[in-house]
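Read off the chains here:
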Amino acid sequence: MEEEKKEKSKPSCNIKIFVLCHSLLQLTQLLHSAYFKSCITTIERRFGFNSMSMGTVSSLHEMGNMVLVVFVSYFGSRVNRPRFIGFGGLLMSCAAATLALPHFLSKPYQYHSMSAAGGSWDMCVPRENSSAPEVCRQGGGGDPSEARTQWLTLAASQVLFGIGSVPIQPFGISYIDDFAEPGNSALYIAILFSISVFGPAFGYLLGSMMLRIYVDVDKIGLDSPLDLTLSDPRWVGAWWMGLLVSSGCLALASIPYFFFPRVKVPAQAKAPKTESDPLKDETSSETSLIDFLKMFPRLLLRILLRPVFLLLILSQCCFSSSITGLATFLSKFLEHQYGTTAAYSSLLIGAINLPMAAVGLLLGGVVMKCVRPPVRTLLWLCLAPLSLSILLCVPLFFMGCSTQRVAGVNTGYGDTQDQWTNRSLSLCNSNCSCLNNMFNPVCGEDNTEYISPCHAGCTDVSVDTLNPHRVQTYTMCSCVTALSAVPAGAAGMGMGRALPGSCTKSCPHLVLPAILLIAFAGFIASLSHNPIYMMVLRTVFQEEKSFAIGVQFLLIRMLAWLPAPAVFGLAIDYSCVWWKHACGKKQGACGYYDNNILRNRYFGLQLGYKCLGLVLLALAGWRVQHTPCLSIEKEPGVPV
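Residues numbered from 1 in each chain as written. Predicted model: local features only at pLDDT ≥ 70, side-chain atom pairs only at ≥ 80, totals over all residues. Heavy atoms only, no water.

Details of helix H11 (residues 239-254)
Along an α-helix, residues three or four positions apart point the same way, because every turn accommodates 3.6 residues.
Part 1 of the argument: Its 16 residues place the ends of H11 24 Å apart at the C-alpha level, agreeing with the 22 Å of an ideal helix rising 1.5 Å per residue.
Part 2 of the argument: Along H11, the positions that sit buried rather than exposed are Trp 239, Trp 240, Gly 242, Leu 243, Ser 246, Ser 247, Leu 250, Ala 253 and Ser 254. Projection of H11 onto a plane perpendicular to its axis shows the buried side chains occupying an angular sector of 155 degrees, all on one side. (Helix = DSSP H or I, 4+ residues; strand = E, 2+ residues; numbered from the N terminus. Expected span 1.5 Å × (residues − 1). Buried < 20%, exposed > 50% of the residue type's maximum accessible area, 1.4 Å probe, protein only. Arc of directions from axis to C-beta.)

Shown next as structure tokens:
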């Protein structure tokens, strides 16, 4: 009797340990993905990428995942699932480490400053010829060939990460379902998602910590004096350090899987084949891989011909596109719209936005468990919160700052307000030898921003006595209108002063109300996640559920998660009004955006996706109204 009790308790103990290990692995996987999103703006600035190229890199891991999802659905019950999960985790760990390679393969980050080349990079030097040739400087995205190599490295790493993530969720959930005691499977899966849902929040918080450290800290040391501050638009944080942390965590979380036993479902536990089980006949363990691949298009077409199923999946694609675009570029939006630092924007997202969405997901699941509504009620549980979330996003169109006055970009120099707009040079700095690739913003005392001290016509500077590398004030600036007392002999010349860094945004106080409103709208919208998911499950036969879920995630990856970041990145790029230049060509990174256009396109694209999803959901509801009553408690007799 004691031996039988030990035999029974051993699987129970194993599955609890497996659930814990799998929760930690999924948490670390989501931590890595969220951390990389928090670093997108920093990587853009470091290597000179535009938003579309980084949006593409951000979504490429879905391509590696999408290509192999068909093979996972075939091999699910034929291989040692824990071991495959372990290999997948180690592959993700290698991909995360490879993602940091561009930092180690590139030269130290270079930027225009007073300390570069004896100060001649950014100060006005009237003695030199203004037509002096531009010097091509590598680093910071200055070399196009180097930037191309770094982009390909990032892209390949993301694809590799996607391949490693293929077996994680399907093999893990199916293993728990097969190994768990009857009735405990749902509880274990709920625990799994409840723990892993905190991964994105931890990822953004990790980003907030790492982006406060200078990018080349491994090359210059922690104690080296810097002339940059966190709020400087040239600041680049140590984006690569968090990737090494996530790589190590993924490797540690993968090791236990090699010690779990392989579990097969007993033959007596399998449901007998009947005439109504066509999908089981075609995907049984006796089916060869070649036969399965031949049958896959027919199986896919058959399940996509279900009107309600197809409408629900397309609506999910719309909502997922909106969420993906929001998550990928929210940090960038907060930086440019309200003037926050990369570290502070990551802190806001990790501490406010993501926990609110997680609570909404959990609350939606609790409501579904307690109420167990019929499908017609499910429809209203989806439409009501989604409609409310759209209405909550409307005020965001008006909660933003206009772009600050930037001489030569959106305003002129001095009294030439229109004549010199979008031109970097004027009479006041025409003899200053300002190079086209300069980007060292300064804020004049006339509250006008200049691309560099040279463009402001500054010929003198005062430095911090404690840190000689850090500028306190630029003086004798011929393009800046003097509002304070001017030095003797400079009267009537308009010699003003300028401070290093961009001018303060006009509405930084709106960043907290905006992020709270975005978080609350996300909380309301996330209440509909579980109802939509349950509606999808109610539209197919019981034996088709596994295949339907695979098709669902395949289409969401193909139509939402893969293209959405690039679409949002393209919309953001078209909001740029001044691109950085290097080596005589336009550099990928944008220097200044039209904040009003950026805000309208960023939120407008999200609302467009949501409204389209709402229409598709309403059409699915209309179809359900003409279908015999369906209930959560029982399976549908006929798919709709």
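Now that the structure has been shown, the text picks up again.
Quick word on the pattern of salt bridges
Part 1 of the argument: Here the structure, examined in full by the defined rule, presents five salt bridges.
Part 2 of the argument: Measuring nitrogen to oxygen at the nearest pair gives 3.7 Å for the salt bridge that ties Arg 45 to Glu 335. Of this pair, Arg 45 sits in helix H2 (residues 40-47) while Glu 335 is found in helix H14 (residues 307-338), placing the two residues 290 residues apart along the sequence.
Part 3 of the argument: Judged by relative accessible area, which is 17%, Arg 45 ranks as buried.
Part 4 of the argument: For Glu 335, a relative accessible area of 9% corresponds to the buried category.
Part 5 of the argument: In this structure, Asp 216 engages Lys 219 in a salt bridge whose closest nitrogen and oxygen atoms are separated by 3.8 Å. (Salt bridge = Lys/Arg side-chain N within 4 Å of Asp/Glu carboxyl O.)

Quick notes on the sheet that holds strand S4 (residues 471-477)
Part 1 of the argument: On the basis of which strands lie adjacent, the open sheet formed by five strands has the order S2-S1-S5-S4-S3 and antiparallel pairing. Whereas interior strands pair on both sides, the edge strands pair on one side only; in this sheet they are strand S2 (449-450) and strand S3 (458-463).
Part 2 of the argument: Here strand S1 (residues 442-444) pairs with S2 via two bridges, running antiparallel. Following the sheet pairing, Cys 443 is matched in S2 by Glu 449. (Pairing = 2+ DSSP bridges.)

Some remarks on the pairing of strand S5 (residues 496-500)
Part 1 of the argument: Pairing of S1 with S5 involves three bridges; the strand directions are antiparallel. Residue Cys 443 lies in a different strand from S5, and its bridge partner there is Leu 499.
Part 2 of the argument: Where S4 lies against S5, two bridges are found, and the strand directions are antiparallel. Residue pairing across strands places Cys 477 opposite Gly 496, the latter belonging to S5.

Considerations on the state of the cysteines
Part 1 of the argument: On inspection of all chains with the given rule, the structure shows seven disulfides.
Part 2 of the argument: With no disulfide of its own, Cys 317 lies 6.9 Å from the sulfur of Cys 318, the closest cysteine sulfur. (Disulfide = S-S within 2.5 Å.)

Comments concerning the side chain of Thr 341
Part 1 of the argument: With respect to the helices and strands, the residue Thr 341 is situated in the loop between H14 and helix H15 (342-371).
Part 2 of the argument: At 3.1 Å, the side chain of Thr 341 forms a polar contact with the backbone nitrogen of Tyr 344.
Part 3 of the argument: Contacts of Thr 341, omitting those with residues within four sequence positions, involve Leu 230, Ser 231 and Glu 335. (Polar contact = N/O pair within 3.5 Å; in protein donor to acceptor, adjacent residues only side chain to side chain. Contact = heavy atoms within 4.5 Å.)

Looking at the confidence of the model for the protein chain
Part 1 of the argument: The predicted model of the protein chain has a mean per-residue pLDDT of 80, with 79% of residues at 70 or higher.
Part 2 of the argument: The weakest mean pLDDT in the protein chain belongs to helix H12 (residues 278-282) at 48; the strongest belongs to H11 at 96.
Part 3 of the argument: Of the regions scoring below 50 in pLDDT, residues 631-638 engages in 18 contacts with residues more than four places distant in sequence or in other chains. (pLDDT = per-residue confidence, 0-100.)

Describing the packing of aromatic side chains
Part 1 of the argument: Taken as a whole, this structure holds 22 aromatic pairs when the rule is applied.
Part 2 of the argument: The interplanar angle of 25 degrees and the centroid separation of 6.5 Å between the aromatic rings of Phe 198 and Phe 202 together place this pair among those described as stacked.
Part 3 of the argument: Given the relative accessible area of 40%, Phe 198 is considered partly exposed.
Part 4 of the argument: The exposure class assigned to Phe 202 is partly exposed, which follows from its relative accessible area of 40%.
Part 5 of the argument: Note on Phe 439 and Tyr 592: the rings are 5.9 Å apart at their centroids and 70 degrees apart in plane angle, and the pair reads as edge-to-face. With a gap of 153 residues between them, Phe 439 in the loop between helix H16 (375-393) and S1 and Tyr 592 in strand S7 (residues 585-593) connect regions that are remote in the sequence. Judged on exposure class, the residue Phe 439 and its partner Tyr 592 are both buried.
Part 6 of the argument: Counting every residue linked through ring pairs, the aromatic cluster contains Phe 333, Tyr 338, Phe 397, Phe 568, Tyr 602, Phe 603 and Tyr 609. (Phe/Tyr/Trp six-rings, centres within 6.5 Å; stacked < 30°, edge-to-face > 60°.)

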